Amino acid sequence: KAVKMAIEDLNEEVQKYGFNVKFEAVILDDKTTEEGALNNIKTLHQLGIKVIIGPAASSQVKAVKSYADSNKIVIISPSSTAPTLAIPGDYIFRNVGSDAIQAKALAALLRHEGAKKVVIFHRDDEYGKAFVEFLAKEAKALGIETVDLPYASNLLDFASEVATLSKKVQEVGADSVVLISFDTDGANILSHAKDDPVLSGVRWFSSEGIHGASEILAPEIAEFLVKVKFMGTRPIFIENPLYKEFAERLKETTGSEPPVFTEKVYDAVFLAGWAILKAGSYDGEKIKEALPDVAKHFYGVSGWCILDENGDRLYQDYSIWTIAKTDGEYVFKDIGTYAEGML
């Protein structure tokens, strides 16, 4: 829905500038799998498509990188954050800050909340492994001890993995759990954790991956999150009036607040469109060369989209979010910020 809105807005804007161009989106579902992402990239390439927004996950971006580079296909991921993919000169661009920055924000939050010993329960994929590496380093610098506990991310149910987490928390005497997950796996994990007496007795923290998952607003899970004083971090651009207008428009369409990264999807459409126009032809190599300059001068609903030398978002702030009860319903609520190294 955000893509559809962006395409309509982009076409309206370029026509105002006198361009006789109409952009269209070809959308394929990769089901957040590496194989699906690569198959879809190949399908889109066969259709002659040179610019692709996505894939979403870092493991998927890693899976398509070689093919994209070899065939000069510009990839703009709105949500891949693994620091291991911050590589200069390739065809991968990411309209979001690297988790090297978010690791600092989350570590600062842990210290602020008094965490001393933390079990980091994370997806055993590119995103999770890279995040835990940087978070452990940042936490150690702040005097926080961390214990790494990965889980297989391709399961349908995580009851056994949550039982293992409970044993680990008790075994090491941890006072907190950090959950590095996506929405579906994270919601399932919390659905089991809420019934575990050990896991109900420690603090819980999270990255952005589970933000916006409607499942965790169910009363039985939300009550657990309130009980354990849950807090998380998520990338945003502080005090952007364009975002507020965008969020209101999308809410009118969907009935809910924009999930994490939605605004970056919207802006990625504009970055792609204007880079194509600046390139002067639908050529992957020329579009790649044009994109950094377009991003440098583009301020969108996600904020200033200027990129660093690796093709990643240069400036990224973070919100501190939680689950709160408002007017009898549980909602996602921002309660603080991390900007320019300050919590």
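As shown above, the structure is provided for reference.
Residues numbered from 1 in each chain as written. Predicted model: local features only at pLDDT ≥ 70, side-chain atom pairs only at ≥ 80, totals over all residues. Heavy atoms only, no water.

S.K.: Would you mind showing me how to read the pattern of salt bridges here?
M.R.: Between side chains of opposite charge, a pair can form when the charged atoms approach closely. Evaluation of the coordinates by the stated rule reveals 19 salt bridges. Measuring nitrogen to oxygen at the nearest pair gives 3.6 Å for the salt bridge that ties Asp29 to Lys31. The partner of Arg123 in a salt bridge is Asp185, and the shortest N-O contact between them spans 3.1 Å. Note that Arg123 is positioned in strand β4 (residues 117–123) and Asp185 in helix α7 (residues 183–193), a separation of 62 residues in sequence. The buried category is assigned to Arg123, whose relative accessible area is 8%. In the salt-bridge network here, residues are joined through shared partners; they are Lys65, Asp69 and Asp90. (Salt bridge = Lys/Arg side-chain N within 4 Å of Asp/Glu carboxyl O. Helix = DSSP H or I, 4+ residues; strand = E, 2+ residues; numbered from the N terminus. Buried < 20%, exposed > 50% of the residue type's maximum accessible area, 1.4 Å probe, protein only.)

S.K.: How should the sheet that holds strand β8 (residues 231–236) be read in this particular structure?
M.R.: Strand-to-strand pairing in sheets goes through backbone hydrogen bonds, with the strands running parallel or antiparallel. Pairing in this open sheet of seven strands is mixed, and the strands run β5-β4-β6-β7-β8-β11-β12 from one edge to the other. Lying at the two open borders of the sheet, with one neighbouring strand each, are β5 (145–151) and β12 (329–338). Across the sheet, the axes of successive neighbouring strands diverge by a mean angle of 25°, strand direction being ignored. Of the pairings in the sheet, the one linking β4 to strand β6 (residues 176–180) comprises five bridges and is parallel in character. When the sheet's bridge partners are listed, Ile120 is paired in β6 with Val178. Strands in contact with helix α5 (residues 126–141) are β4, β5 and β6; relative to β4, the strand with the most contacts, it is inclined by about 165°. Each of β7 (203–206), β11 (317–326) and β12 touches helix α8 (residues 219–227); the most contacted strand, β12, lies at about 35° to it. (Pairing = 2+ DSSP bridges. Axes fitted to C-alpha atoms, helices over the stretch in contact; angles between N-to-C directions. Contact = heavy atoms within 4.5 Å.)

S.K.: What should I look at first to understand a nonpolar patch on the surface in this one?
M.R.: A cluster of nonpolar side chains, namely Leu242, Tyr299, Trp304, Leu314 and Tyr315, defines an oily patch on the protein surface of about 450 Å² accessible area. Mapped onto the secondary structure, Leu242 falls in helix α9 (residues 241–254). (Patch = residues over 30% accessible without salt bridge, like charges linked within 9 Å, V, L, I, M, F, W, Y side chains within 5 Å. Areas by Shrake-Rupley, 256 points an atom, 1.4 Å probe, with all protein chains shown as cover.)

S.K.: Would you mind showing me how to read helix α11 (residues 284–296) here?
M.R.: Residue pairs spaced three or four apart in an α-helix point in one direction, given the helix's 3.6 residues per turn. Between its first and last C-alpha atoms α11 spans 19 Å; for 13 residues at 1.5 Å apiece the expected length is 18 Å, and the two agree. Maximum bend of α11: about 30°, positioned at Ala290, with proline Pro292 one to four residues after it. Packed against the buried residues of α11 are β1 (51–53), β2 (74–77), β3 (92–94), α10 (262–279) and β10 (303–304). Of the residues that open α11, the one with a side-chain oxygen 3.1 Å from the backbone nitrogen of Glu285 is Asp283. (Expected span 1.5 Å × (residues − 1). Bend = angle between axes of the 7 residues up to and from the residue. Polar contact = N/O pair within 3.5 Å; in protein donor to acceptor, adjacent residues only side chain to side chain.)

S.K.: How do you make sense of the packing of aromatic side chains when you look at a structure like this?
M.R.: The description of two aromatic rings rests on the distance between their centres and on the angle between their planes. The final tally for this structure, using the stated rule, is 14 aromatic pairs. Geometrically, the ring pair formed by Trp204 and Phe224 is edge-to-face, given 5.8 Å between the ring centres and 75° between the ring planes. In this pair, Trp204 is assigned in strand β7 and Phe224 in helix α8, connecting sequence segments 20 residues apart. Assigned by exposure class, Trp204 and Phe224 land together as buried. The interplanar angle of 65° and the centroid separation of 5.1 Å between the aromatic rings of Phe230 and Trp321 together place this pair among those described as edge-to-face. In this pair, Phe230 is assigned in the loop between α8 and β8 and Trp321 in strand β11, connecting sequence segments 91 residues apart. Each of the two residues, Phe230 as well as Trp321, counts as buried. The structure contains a cluster of three or more aromatic residues connected by ring pairs, namely Tyr243, Phe246, Tyr266, Phe270 and Phe298. Directly above the aromatic system of Phe182 lies the positively charged group of Arg123, at a separation of 3.8 Å from the ring centroid. One cation-aromatic arrangement involves Lys288 over Tyr91; the distance from NZ or CZ to the ring centre is 4.7 Å. (Phe/Tyr/Trp six-rings, centres within 6.5 Å; stacked < 30°, edge-to-face > 60°. Lys NZ or Arg CZ within 6 Å of the ring centre and 35° of its normal.)

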